[in-house]
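Examination of the molecular architecture
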Amino acid sequence: MIHRIDMHNHSCLSPCGSLEMSPAAMAEQAKILGISMLGLTDHNTTRNLGAFDECCRQQDILPLYGIEVTTREEIHVTCFFETLDIACAFGTFIESLLPDIPNNPVRLGDQVYVNAQDEILGEVEKSLYSACEITFEQLLSEVQGYNGLFIPAHIDRSAFSVTSQIGFLPDLPYSAVEVVRLPTRIKTYHNRVITNSDAHYLQHMGTRSWEAELSQRSFQALKQFLEQRL
Ligand SMILES: [Zn+2]
Ligand SMILES: [Zn+2]
């Protein structure tokens, strides 16, 4: 069966994410757009994944439990895990690698986490914009240890991408690589190249979603599809 997929999206918990991006609103919007597998990838935190899981299931959408990590080199990488528990444990680990720099909500935006009814449960105090004390290659091996997906984000962007920070894409065993525009001139070896919306506002959801024929709608089927060497 063919599935519409959008793996990289930010909720109201990301300082740059609009407050309208509650997990409930995101799942509703995805349903309208025909997206059947939806990822949530807040910057350096997973605290909205619990509500996201609940809201996606209410809409019959398969939630993809993700996080967009900022490595020490200031490279953005989206990482995904099969279960909510593993993803949340990984999120706690990543938050612990953030420096103790407090968020400034007035300048940088709120970092609130919510429940499935859009009620605010709390606020992350450390700035989620900071870089984590982990290198690109260390992060890859951590994610592999949990059988997760490691997808360098927007590698063709001029900021916070592997190419902007180190000049090229190292030849490592990625799950896939993400670009903003296809086709890309960047050397991507045998990796599958995908686009995702990286939405921070409801109206941007689905704009760079994609379709795939999968044996079943599951994390493992998606992993297998992505990691097929071309
Ligand atoms: Zn990013
Ligand atoms: Zn992003």
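Here's a quick rundown of the structure.

So, how was this worked out
- Residues numbered from 1 in each chain as written.
- Chains lettered and ligands numbered in written order.
- Predicted model: local features only at pLDDT ≥ 70, side-chain atom pairs only at ≥ 80, totals over all residues.
- Heavy atoms only, no water.
- Helix = DSSP H or I, 4+ residues; strand = E, 2+ residues; numbered from the N terminus.
- Buried < 20%, exposed > 50% of the residue type's maximum accessible area, 1.4 Å probe, protein only.
- Polar contact = N/O pair within 3.5 Å; in protein donor to acceptor, adjacent residues only side chain to side chain.
- Contact = heavy atoms within 4.5 Å.
- Phe/Tyr/Trp six-rings, centres within 6.5 Å; stacked < 30°, edge-to-face > 60°.
- Lys NZ or Arg CZ within 6 Å of the ring centre and 35° of its normal.
- Salt bridge = Lys/Arg side-chain N within 4 Å of Asp/Glu carboxyl O.
- Donors = N, O, S within 2.8 Å, 3.2 Å for Na, K, Ca; no water.
- Tetrahedral: all angles 85-135°; square planar, octahedral: opposite > 155°, others 65-115°.

**Details of the side chain of Gln-111**
Position of Gln-111 relative to the elements: it lies in the loop between helix H4 (105-108) and strand S5 (112-114). Overall, the relative accessible area of 0% leaves Gln-111 in the buried class. Polar side-chain contacts of Gln-111 include one of 2.9 Å to the backbone oxygen of Val-124. Reaching out from Gln-111, the side chain makes a polar contact with the backbone oxygen of Lys-126 at a distance of 2.8 Å. Not counting residues up to four positions away in its chain, the partners in contact with Gln-111 are Cys-12, Leu-13, Pro-15, Asn-103, Gly-122, Glu-123, Val-124, Lys-126, Ser-127 and Leu-128.

**Some words on the packing of aromatic side chains**
Counting across every chain of the model gives eight aromatic pairs. With a centroid separation of 5.7 Å and 65 degrees between ring planes, the pair formed by Phe-90 and Phe-93 is classed as edge-to-face. You can see Phe-90 and its partner Phe-93 sitting in helix H3 (residues 84-96), three residues apart, about one turn around the helix. The partly exposed category is assigned to Phe-93, whose relative accessible area is 27%. Taking the centre distance of 6.0 Å and the plane angle of 15 degrees together, the rings of Phe-150 and Tyr-174 count as stacked. Taken together, the residues Phe-150 in strand S7 (residues 149-152) and Tyr-174 in the loop between helix H6 (162-166) and strand S8 (177-178) connect sequence positions 24 residues apart. Taken together through their ring pairs, the aromatic side chains of Phe-81, Phe-90, Phe-93 and Tyr-146 make up a single cluster. Above the face of the Phe-225 ring, Arg-192 is positioned so that its terminal group lies 3.8 Å from the ring centre.

**Considering the pattern of salt bridges**
Using the criterion set out here, one finds eight salt bridges in the structure. Across the salt bridge formed by Arg-47 and Glu-95, the nearest N and O atoms sit 2.6 Å from each other. With Arg-47 in the loop between strand S2 (37-40) and helix H2 (49-58) and Glu-95 in helix H3, this residue pair connects regions lying 48 residues apart in the sequence. Assessed through its relative accessible area of 37%, Arg-47 is described here as partly exposed. For Glu-95, a relative accessible area of 13% gives the class buried. For Glu-133, the salt bridge goes to Arg-72, with nearest N and O atoms at 2.7 Å. Here the residue Glu-133 occupies a position in the loop between strand S6 (120-123) and helix H5 (136-145), and Arg-72 occupies one in the loop between strand S3 (62-70) and strand S4 (76-81), the gap between them amounting to 61 residues.

**A few points about the coordination of the zinc ion (ligand 2)**
Around the zinc ion (ligand 2), the protein contributes the donor atoms His-8 (NE2), His-10 (NE2), Glu-68 (OE) and Asp-198 (OD), which lie 2.0 to 2.2 Å from the metal centre. Taken together, the four donor atoms surrounding the zinc ion (ligand 2) define angles of 80 to 173 degrees at the centre, an arrangement classified as irregular. Along the chain, the residues donating to the zinc ion (ligand 2) are arranged with the sequence spacing H-x1-H-x57-E-x129-D. The two metals, the zinc ion (ligand 2) and the zinc ion (ligand 1), are separated by 3.5 Å and share Glu-68 as a common coordinating residue. Taken together, the residues span a long stretch of sequence, with His-10 in the loop between strand S1 (2-6) and helix H1 (23-33) and Asp-198 in the loop between strand S9 (193-194) and strand S10 (210-213) at a distance of 188 residues.

**Quick word on the side chain of Thr-46**
Relative to the helices and strands, Thr-46 is located in the loop between S2 and H2. When its relative accessible area of 6% is taken as the criterion, Thr-46 is described as buried. Leave out the neighbours within four places in its chain, and Thr-46 touches Gly-66, Ile-67, Ala-87, Cys-88, Gly-91 and Thr-92.

**A closer look at the coordination of the zinc ion (ligand 1)**
Every protein donor of the zinc ion (ligand 1) is listed here as Glu-68 (OE), His-76 (ND1) and His-154 (NE2), and their distances to the metal cover 2.1 to 2.2 Å. Linear spacing of the donor residues for the zinc ion (ligand 1) on their chain is E-x7-H-x77-H.

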